[in-house]
Amino acid sequence: EPQQLELATTSKRKLRRFIVIDEVVDKLYGSKIREYFKENNVQHKILALPTTEETKSMDVVLNILQEVQDFSIDRRTEPIIAIGGGVCLDIVGLAASLYRRRTPYIRVPTTLLSYVDASVGAKNGVNFLQCKNKLGGYTPPVASFLDRSFIQSIPRRHISNGLGEILKMALMKHKGLFDLLKNRGKYLLDTKFQSCSGFADHGDAALQTTRIAIETMLEELAPNLWEDDLDRLVDFGHIISPELEMRVLPSLMHGEAVNVDMAFMTYVAHVRGLITAQEKEQILQCMRGLELPVWHSGCSWALIKTALKERLKHSGGQPRMPLPTSLGMADIFNDTSEETLERAYKLWVRE
C-alpha cells in the first residue's frame with residue numbers, strides 16, 4: 001500500500017529483516033547474504049535450521065515464532081524472508097500465517113523443486129502424525145524471488161527431483177513442455193538449469209522449461225487458490241505418493257515419490273484405454289531420461305489401497321483421479337474400478 005511504502009522508506013527507524021534459511025543453504029550462501037544486509041544497513045537476524053521432511057513439524061514452527069518474538073518485527077512492514085527448498089518455504093509460510101494472525105513473508109526458493117512448485121500458490125504446512133502436510137493453511141507470500149543461479153549448487157539428484165514436478169505439468173497440460181523434457185532433459189540435468197550464454201533469452205531451454213512449468217501451474221492454481229474445487233489436475237502424482245513418501249523416508253525425495261505415482265497412473269490410464277501403449281512407453285522413456293524412478297518396492301498393492309482410502313477422506317468421498325488422456329492432455333476420473341487398478345498394478349510390476 002502506498003502509505004505503508006512511504007512510511008517504510010521515509011521512516012528514521014532502521015530497516016529490519018528476520019530471515020529463516022536452510023542450514024545447507026546457509027553454508028553455501030550465508031556469508032553473501034549477511035554481507036548484503038550489512039552493506040544495505042539492514043538490521044537483521046538470520047536463523048539457520050535443518051529443514052527436511054523428517055524435521056518438518058510444528059516444533060520447528062514454534063521455534064521460529066519464539067525467535068521472531070525475540071527479534072520483534074512490525075507485522076505489516078517487515079516481512080519474514082524464507083530462503084531454502086520447499087520444506088523451508090512451507091514451514092516459514094505457516095509460521096508467518098500464525099504470527100499475529102498474518103505476517104507477510106517472502107519466498108526465495110533455492111532448489112529446482114521449490115522454484116517451480118513451492119514458490120507458486122498459497123499453501124503452507126507441516127507433517128503431523130506421520131501424515132504429509134496434515135497441518136497447514138493458505139497464506140500466499142507477498143513475493144517469490146526466483147533466481148536460477150541457486151540451482152547450480154544442488155546435486156544432480158535434486159535437479160532430477162524437481163524435474164518430476166515439471167513433468168507433472170507437462171503430462172497434464174502442455175505437450176510442448178513434454179517435448180522439451182524428452183529432447184532436452186539430459187542437457188538440463190548436465191547444465192543444472194543454467195543459461196550457458198550467461199544471460200537468459202527466449203531460446204534458452206532452462207528458461208523455457210521453468211517459465212512454462214510455472215505458467216501452467218499458475219493457470220491451474222490461480223482460479224482455485226483456496227481449493228474450493230477439489231477437482232485439480234495438479235494432484236496428478238499426488239494420489240499414492242504422500243503415503244509412499246512418508247512410509248519410506250528418507251529413501252525417496254518428494255519429486256521421486258511423485259514420479260513413482262505418475263508412472264503407476266500412466267499404467268492405469270493405459271489399462272483404461274485412455275492412452276496407447278506407444279504413449280505409455282514415451283512417458284516412461286522420458287521419466288528414465290530425466291533419471292527419475294518409475295518403480296519403488298515400497299509401493300505395494302496394500303499401500304496403494306491404503307493411499308486411495310486416505311484420498312477419499314479428504315477429497316469429498318470421490319477419488320478425483322487425474323489421468324493423462326494423451327501427451328499433454330488430461331481429465332479427472334471418479335469411476336476407475338479396483339479391478340482396473342489391480343490389472344494396472346500387475347502390469348506395472350511385470351514390466
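This is a predicted model, so every value here is computed, not measured. (Residues numbered from 1 in each chain as written. Predicted model: local features only at pLDDT ≥ 70, side-chain atom pairs only at ≥ 80, totals over all residues. Heavy atoms only, no water.)

**Student:** Even after reading the chapter, I still don't get the overall build of the protein chain, so can you show me in this structure?
**Tutor:** Helix and strand counts for the protein chain stand at 13 helices and nine strands. In terms of overall size, the protein chain behaves like a compact globule, its C-alpha atoms giving a radius of gyration of 21 Å where 351 residues would be expected to give roughly 20 Å. C-alpha atoms of the protein chain, sized along the principal axes, occupy 70 × 45 × 35 Å. Within the span of the protein chain, comprising 351 residues, buried residues form 53% of the whole. (Helix = DSSP H or I, 4+ residues; strand = E, 2+ residues; numbered from the N terminus. Rg over C-alpha atoms; globule rule 2.2 N^0.38 Å. Buried < 20%, exposed > 50% of the residue type's maximum accessible area, 1.4 Å probe, protein only.)

**Student:** Would you explain the sheet that holds strand β7 (residues 143-144) in this entry?
**Tutor:** Consider a sheet: its strands pair through backbone hydrogen bonds, and that pairing is either parallel or antiparallel. Pairing in this open sheet of five strands is parallel, and the strands run β2-β1-β3-β4-β7 from one edge to the other. In this open sheet, the two strands that pair with only one neighbour each are β2 (43-49) and β7. Against the sheet, helix α2 (residues 23-39) contacts β1 (16-22), β2 and β3 (80-84), and its axis sits at roughly 160° relative to β1. (Pairing = 2+ DSSP bridges. Contact = heavy atoms within 4.5 Å. Axes fitted to C-alpha atoms, helices over the stretch in contact; angles between N-to-C directions.)

**Student:** Could you clarify how one ought to interpret the packing of helix α10 (residues 254-271) against helix α11 (residues 277-289) in this entry?
**Tutor:** Between two packed helices, the angle of one axis relative to the other and the distance separating the axes together describe the packing. Relative orientation of the contacting elements α10 and α11 amounts to 170°, with a least axis distance of 9 Å. Our classification of the angle between α10 and α11 gives roughly antiparallel. Where α10 approaches α11, its residues Asn 259, Met 262, Ala 263, Thr 266, Tyr 267 and His 270 are matched on the opposing element by Ala 277, Lys 280, Ile 283, Leu 284 and Met 287. Residue composition of the contact of α10 with α11, by class: seven nonpolar, three polar and one charged. (Parallel < 35°, antiparallel > 145°, perpendicular 65-115°, else oblique. Nonpolar A, V, L, I, M, F, W, Y, C, P; charged D, E, K, R; others polar.)

**Student:** Is there a simple way to think about the pattern of salt bridges in this case?
**Tutor:** For side chains bearing opposite charge, pairing can occur when the charged atoms are close. For the coordinates displayed, the defined rule picks out 26 salt bridges. Residue Lys 132 pairs with Glu 245 through a salt bridge whose shortest N-O separation is 3.4 Å. In this pair, Lys 132 is assigned in strand β6 (residues 131-138) and Glu 245 in helix α9 (residues 241-248), connecting sequence segments 113 residues apart. In this structure, Lys 132 and Glu 245 share a single accessibility class: buried. For Glu 243, the salt bridge goes to Arg 247, with nearest N and O atoms at 2.9 Å. (Salt bridge = Lys/Arg side-chain N within 4 Å of Asp/Glu carboxyl O.)

**Student:** I tried to follow helix α6 (residues 156-173) on my own but got confused; where do I start?
**Tutor:** Each α-helix turn comprises 3.6 residues. Residues three or four places apart therefore point the same way. A rise of 1.5 Å per residue sets the reference length of α6, with its 18 residues, at 26 Å; its end C-alpha atoms lie 26 Å apart and thus fit the reference within 8%. With respect to burial, α6 is a largely interior element, 14 of its 18 residues being buried. (Expected span 1.5 Å × (residues − 1).)

**Student:** Would you take a moment to explain the UniProt feature "domain: 3-dehydroquinate synthase N-terminal" (unreviewed entry) in the protein chain for this structure?
**Tutor:** Mapped onto the present numbering, the UniProt feature "domain: 3-dehydroquinate synthase N-terminal" (unreviewed entry) falls on residues 48-160. From the first C-alpha to the last, residues 48-160 spans 26 Å; its make-up is 35% helix and 25% strand. (UniProt positions renumbered as here; feature names shortened; annotations may be inferred.)

**Student:** In this structure, what is going on with the layout of surface pockets? I would like to understand it.
**Tutor:** One simple way to see leftover space: roll a probe sized like a water molecule over the atoms. One number sums up the size of the second largest pocket: a volume of about 540 Å³. Taken together, 18 residues make up the lining of the second largest pocket; nearest its centre are Tyr 36, Phe 37, Ile 83, Val 108 and Phe 145. Breaking the lining of the second largest pocket down by element, the ones donating at least two residues are α2, β3 and β4 (105-109). A per-element tally of the lining of the second largest pocket places α2 first, with five residues. Its residues assigned to classes, the lining of the second largest pocket comprises 13 nonpolar, two polar and three charged. (1 Å grid on protein atoms, 1.4 Å probe; cavity = no way out; pocket = protein on both sides within 12 Å on 5 of 7 lines; lining within 4 Å. Points joined across faces, edges and corners; volume = space filled by probe spheres on them.)

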